[in-house]
Amino acid sequence: MFVYLQQRLALALPVVFGVSVVVFAIVHLLPGDPVLVMLSGANATPEQVAELRAQLRFEDPIAVQYARFLRRALVGDLGVSIFSKRPVIEEIADQLPSTLELAAAAIAIAVAVGLVLGILAALRPNSWLDRLSMLVALGGISMPSFWLGLLLIFAFSLELGWLPATGQGGWRRLILPAATIGLGYAAVVARLVRSSFLEVLGNAYIGTARAKGLAERAVVLKHALGNALIPVVTIIGVQLGNLLAGTIIVETVFSRRGMGRLAVTAVLDKDYPLIQGVVLVSALGYVLVNLLVDVSYSIIDPRIRHRGGAA
Amino acid sequence: MTAAVRLLWRRKAAVLGGAILALVVGLAVAGPAVTRTDPLKMNLLKALSPPSGSHPFGTDQYGRDILTRVITGARLSLVTGLGAVVIALAGGLGLGLVSGAAGGWIDLLIMRIVDVMMAFPSVLLALVVVAVLGHGSTNVMVAVGVSLIPTFVRLIRGNVLVVREQAYIEAARALGGRPRRVTLQHILPNILAPVIVLATIAIAWSIIIGASLSFLGLGPRPPIPEWGVDLSNGRNYLLRGWWISAGPGVAIMTTVVAVNLVGDTLRDVLDPRLRSLTNL
């Protein structure tokens with residue numbers, strides 16, 4: 001287990017290095033004078049321009065600048081937002097909990113709805129239930145999240161008045177945005193659970209379980225479910241990145257605080273230190289989550305660990 | 001290939017998807033010839049009229065005809081979707097073929113770059129590209145295209161690695177074919193099936209990501225008709241004019257469903273191993 005963890009960490013390190021280079025490069029790839037571009041949205045005075053120029057020290061060799069960027073980032077110094085004048089790390093710390101809350105709720109909805117739909121479809125393949133759930137799944141995959149979000153607001157806030165449409169705080173304000181992201185992924189999970197379940201149900205040990213007289217419920221829940229879930233765990237890991245991307249859009253639709261909204265505002269305002277900070281933290285978070293998913297995957301399915309250890 | 005076309009024709013879902021796509025593309029190309037009205041023409045007397053005979057999709061807060069804007073907007077949305085896939089395909093083929101065929105340190109380097117790109121979820125990567133290039137519809141297209149390159153590189157390289165071990169490639173090499181010629185003339189045609197499938201499904205992703213970026217205000221600016229922009233415009237009028245968002249919303253969804261129907265069937269016909277693709 002420890003060896004496997006070491007191997008995965010060794011693979012993640014170059015990626016982390018690459019991410020830091022990309023984030024560092026954002027400012028340097030800007031066309032024209034980066035300082036002027038960075039301040040173009042802010043109506044800056046010449047003093048501010050001079051101040052930023054002194055702060056960023058673009059005249060230093062690029063390697064020196066990168067080393068400085070890395071040294072500061074390692075101690076959590078991601079610069080100062082051009083607009084709010086607050087340290088970027090504080091801005092991020094303010095927004096991150098809201099996004100994590102949204103992501104966790106979305107995953108819960110995706111897994112719960114996806115599992116039920118997928119299992120129902122697999123137990124009666126080619127029945128109307130199967131077709132219906134796969135039709136719902138196709139709709140979920142083809143539905144842009146901003147459109148689904150508006151539909152949910154229209155139905156549950158404006159027409160029925162059951163839930164608040166926007167804002168922060170309490171589970172009632174969490175349901176609609178979490179459902180917007182979660183239902184899309186429920187569709188993906190459902191399709192996968194269905195195919196993985198059908199595959200598992202065809203195995204000899206399922207036949208054995210049935211032959212020894214187990215009730216169908218026990219066969220499904222005890223013998224099939226666990227094995228069918230293995231690919232589901234991976235896909236949830238793979239999908240986490242898209243889930244993060246989903247929060248970018250959904251937070252805007254529901255006017256919720258969070259990293260996604262922060263990223264969009266930063267890009268619209270051309271607040272480059274803030275863009276760099278948000279992108280760096282999001283990408284590193286994604287790398288970390290993938291690492292955790294891989295490790296948990298190897299705990300659920302020990303074959304992976306051994307295959308990895310042999311390679 | 002003709003066998004594939006015949007198989008496609010036999011599947012109702014693909015025929016339905018193809019028909020919808022043909023209709024959308026036809027309307028987008030015909031554009032002004034069908035709509036007759038100007039998508040930018042305001043008429044405040046008719047502002048926020050619900051769907052009716054003269055305005056089948058209703059009008060927005062400036063009295064502009066929504067149906068006209070949806071049809072005109074199809075151009076930009078389709079061009080963004082297709083253009084992004086062309087960019088992703090070009091980048092993916094270039095890097096994937098070189099990576100798979102060359103092997104060694106070149107392969108290692110390209111794959112590490114792809115790993116880094118993969119560390120950015122697609123919308124975030126697209127956001128980074130827009131942050132560098134600036135707003136606008138062309139930049140959104142480039143951004144979406146770049147964000148899809150890693151997926152194409154991985155698929156293409158993986159298939160090249162399988163094909164290059166085949167006996168007929170060995171034979172082509174033994175006959176003195178140069179690496180470049182072997183790659184382009186012998187490997188490339190044999191990996192096209194999965195690439196076509198991915199490219200088709202990627203059109204659906206591109207339309208959604210492109211419209212998302214426009215929705216966030218990073219794409220074309222109003223009053224340019226575009227599905228994402230128009231959908232966002234209707235956000236503040238959900239109670240008084242739900243139809244403002246409904247027109248472009250239904251248009252995006254119908255088009256994406258149609259692309260997915262064709263893509264799913266293409267996958268089943270050309271390369272059933274790619275089943276996991278729809279789950280990406």
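Look up a bit, the structure's there.
Counting restarts for each chain: residues are numbered from 1 in the order of the written sequence. As they are written, the chains are lettered A onward and the ligands numbered 1 onward, keeping that order. Only residues with pLDDT of at least 70 are given local features in this predicted model, and only at 80 or more are side-chain atom pairs given and counted; all residues enter the totals for whole chains, interfaces and linings. Side-chain measures were taken over the full set of non-hydrogen atoms in the model, leaving aside hydrogen atoms and water.

> Where do I start with the overall build of chain B in this structure?
Helix and strand content of chain B: 11 helices and zero strands. The secondary structure elements of chain B, listed N-terminal to C-terminal, are α-α-α-α-α-α-α-α-α-α-α. The C-alpha extent of chain B, read off along each of the three principal axes, is 75 × 45 × 30 Å. Each of the 280 residues in chain B was classed as buried or not, and the buried ones make up 55%. Under the convention used here, a 1.4 Å probe and the Shrake-Rupley method define accessible areas, while residue burial counts only the protein chains that appear. About 12,400 Å² of surface is accessible on chain B, with carbon and sulfur atoms providing 67% of the total. Treating the 24 positive side-chain charges of chain B as one cloud and the 12 negative ones as another, the clouds have centres 3 Å apart. Think of it this way: any DSSP run of H or I at least four residues long counts as a helix, any run of E at least two long counts as a strand, and we number them from the N terminus. Here's how the labels work: a residue is buried when its accessible area is under 20% of the maximum for its type, exposed when over 50%, partly exposed in between, all with a 1.4 Å probe on protein chains only. Positive: Lys, Arg. Negative: Asp, Glu. His and the chain ends are not part of the count. For the purpose of locating charges, the reference atoms are NZ of Lys, CZ of Arg, CG of Asp and CD of Glu.

> Any chance you could explain the overall build of chain A here in plain terms?
Tallying secondary structure elements over chain A gives 13 helices and zero strands in all. Secondary structure elements of chain A, listed N to C terminal, follow the sequence α-α-α-α-α-α-α-α-α-α-α-α-α. Here the C-alpha coordinates of chain A stretch approximately 80 × 60 × 30 Å along the principal axes. Across the 311 residues that make up chain A, the buried fraction comes to 46%. A total accessible area of about 14,900 Å² is found for chain A, and carbon and sulfur atoms account for 67% of it. Computing the positive centroid from 25 side-chain charges and the negative centroid from 19, chain A places the two 12 Å apart.

> Looking at this structure, I do not really get the interface of chain B and chain A. What am I missing?
Size of an interface, as often reported, equals the accessible area lost when the parts are brought together. Residues are treated as being in contact if the distance between any of their heavy atoms lies within 4.5 Å. If you look at the interface, chain B gives 42 residues, while chain A gives 45 residues. Once two parts are joined, some of their accessible surface, as seen by a 1.4 Å probe, is lost; buried area is that loss totalled over both. Interface area, chain B with chain A, both sides summed: about 3,900 Å², of which 79% is carbon and sulfur. Between Lys or Arg on one side and Asp or Glu on the other, a salt bridge is scored when a side-chain nitrogen of the former is within 4 Å of a carboxyl oxygen of the latter. Viewed at the interface, chain A and chain B are joined by one salt bridge. A salt bridge links R191 of chain A to D264 of chain B; the shortest N-O distance between them is 3.0 Å. Here a polar contact is taken to be a pair of N or O atoms separated by no more than 3.5 Å, where protein atoms must pair a possible hydrogen donor with a possible acceptor and residues adjacent in sequence count only if both atoms sit in side chains. Inspection of the region where chain B meets chain A yields four residue pairs in polar contact (both at pLDDT 80 or more). Broken down by secondary-structure element, the contributors of at least two residues to the side of chain B that touches chain A are helix 5 (104–118), helix 6 (122–133), helix 9 (179–215) and helix 11 (243–270) of chain B. Of all the elements, helix 11 of chain B adds the most residues to the side of chain B that touches chain A, at 12 residues.

> What is the right way to read the environment of D115 of chain B from this model?
Note on placement: D115 of chain B falls in helix 5. With a relative accessible area of 18%, D115 of chain B lands in the buried category. Sequence-wise, D115 of chain B and R154 of chain B are 39 residues apart; in three dimensions their C-alpha atoms are separated by 9.6 Å. Residues contacting D115 of chain B, with those up to four places away along its chain left out, are V15 of chain A together with R154 of chain B.

> So what exactly am I meant to see when it comes to helix 2 (residues 12–30) of chain B here?
An α-helical turn contains 3.6 residues, so any two residues separated by three or four positions project in the same direction. Residue and element names in this part refer to chain B. Taking 1.5 Å of rise per residue, the 19 residues of helix 2 would be expected to cover 27 Å, and the 27 Å separating its terminal C-alpha atoms lies within 8% of that figure. Those residues of helix 2 that sit buried are A14, G17, V24 and A28. Down the axis of helix 2, the buried set is contained in an arc of 100°. They therefore lie on one face. Among the exposed residues of helix 2, those pointing more than 90 degrees away from its buried face are K12 and L23. Positive phi shows up at G31, right after helix 2, with a value of about 45°. Helix span is expected to be 1.5 Å times the residue number reduced by one. Along the arc lie the directions from the helix axis toward the C-beta atoms.

> I keep staring at the nonpolar core and nothing clicks. Help me out?
The nonpolar side chains of soluble globular proteins are, as a tendency, buried together. With 156 residues, the main nonpolar core has V19, F146, F197 and Y272 of chain A together with F152, I191 and L213 of chain B as its most contacted residues. Counting residues per element, this core draws most heavily on helix 9 of chain B, which supplies 19 residues. In contact with F197 of chain A, other than residues within four places in its own chain, are I119, A122, L123, V220, A224, L225 and A228 of chain A. Side-chain atoms within 4.5 Å are what join buried Ala, Val, Leu, Ile, Met, Phe, Trp, Tyr and Cys residues into a set we call a nonpolar core.

> How should the pattern of salt bridges be read in this particular structure?
Charged atoms that come close allow side chains of opposite charge to pair. All names here are of chain A. Under the counting rule described, the total for this entry stands at 14 salt bridges over all chains. When the shortest N-O distance is used, the salt bridge between R86 and E90 registers 3.5 Å. Owing to a relative accessible area of 29%, R86 belongs among the partly exposed residues under this scheme. Among the salt bridges present, the one from R210 reaches E216, with a minimum N-O distance of 2.9 Å. Note on E216: relative accessible area 39%, which makes it partly exposed. If you follow the salt bridges from partner to partner, you end up with R86, E90, E91 and D94 in one network.

> Could you clarify how one ought to interpret a nonpolar patch on the surface in this entry?
All names here are of chain B. Taken together, the side chains of V98, W105, I106, L109 and I113 define a hydrophobic patch exposed on the protein surface, amounting to about 500 Å² of accessible area. Of the residues forming the nonpolar patch, the biggest block, four residues, is contributed by helix 5. The residue V98 is located in helix 4 (residues 66–102) in this model. Surface patches are defined over residues having more than 30% relative accessible area and no salt bridge, joining like charges when they lie within 9 Å and nonpolar side chains (Val, Leu, Ile, Met, Phe, Trp, Tyr) when within 5 Å.

> I tried to follow the environment of G263 of chain B on my own but got confused; where do I start?
Residues and elements named next belong to chain B. With respect to the secondary-structure elements, G263 resides in helix 11. Judged by relative accessible area, G263 falls into the buried class, the value being 0%. Along the sequence, G263 and L198 sit 65 residues apart, while their C-alpha atoms lie 7.9 Å from each other. Excluding residues within four positions of it along the chain, G263 makes contact with V197, T200 and I201.

> Sorry, what's going on with helix 7 (residues 145–159) of chain A here?
Between its first and last C-alpha atoms helix 7 of chain A spans 20 Å; for 15 residues at 1.5 Å apiece the expected length is 21 Å, and the two agree. What we call the bend at a residue is the angle made by axes fitted to the seven residues finishing there and the seven residues starting there. Bending of helix 7 of chain A peaks at approximately 25° at the position of I153 of chain A. Looking at helix 7 of chain A, one finds that the buried residues are S145, F146, W147, L148, G149, L150, L152, I153 and S157 of chain A. Contacts from the buried residues of helix 7 of chain A go to helix 8 (172–201) and helix 10 (216–253) of chain A together with helix 9, helix 10 (227–233) and helix 11 of chain B. Positive phi shows up at G161 of chain A, right after helix 7 of chain A, with a value of about 65°.

> Explain the packing of helix 4 of chain B against helix 7 (residues 137–163) of chain B here, please?
The axes of two packed helices give the description: the angle between them and the distance between them. As a rule, the C-alpha atoms of each element are fitted with a line to give its axis, helices using only the stretch in contact, and angles between N-to-C directions run from 0 to 180 degrees. It is the contact of helix 4 of chain B with helix 7 of chain B, at a shortest axis distance of 5 Å, that shows an interaxial angle of 35°. Of the two elements, helix 4 of chain B crosses helix 7 of chain B, and the hand of that crossing is right-handed. In this scheme the handedness of a crossing depends on how the near helix is turned from the far one: anticlockwise by less than a right angle means left-handed, clockwise means right-handed.

> How should I be thinking about unusual backbone geometry in this particular structure?
A negative phi holds for most residues other than glycine; trans holds for most peptide bonds. Put simply, P222 of chain B and P223 of chain B share a cis peptide bond, and its omega is 10°. Structurally, P223 of chain B can be placed in the loop between helix 9 and helix 10. Here S255 of chain A, not a glycine, exhibits a phi torsion of approximately 45°, which is positive. Of the residues examined, S255 of chain A reaches a relative accessible area of 30% and is grouped as partly exposed. The residue K270 of chain A is not glycine, and still its phi comes out positive at about 55°.

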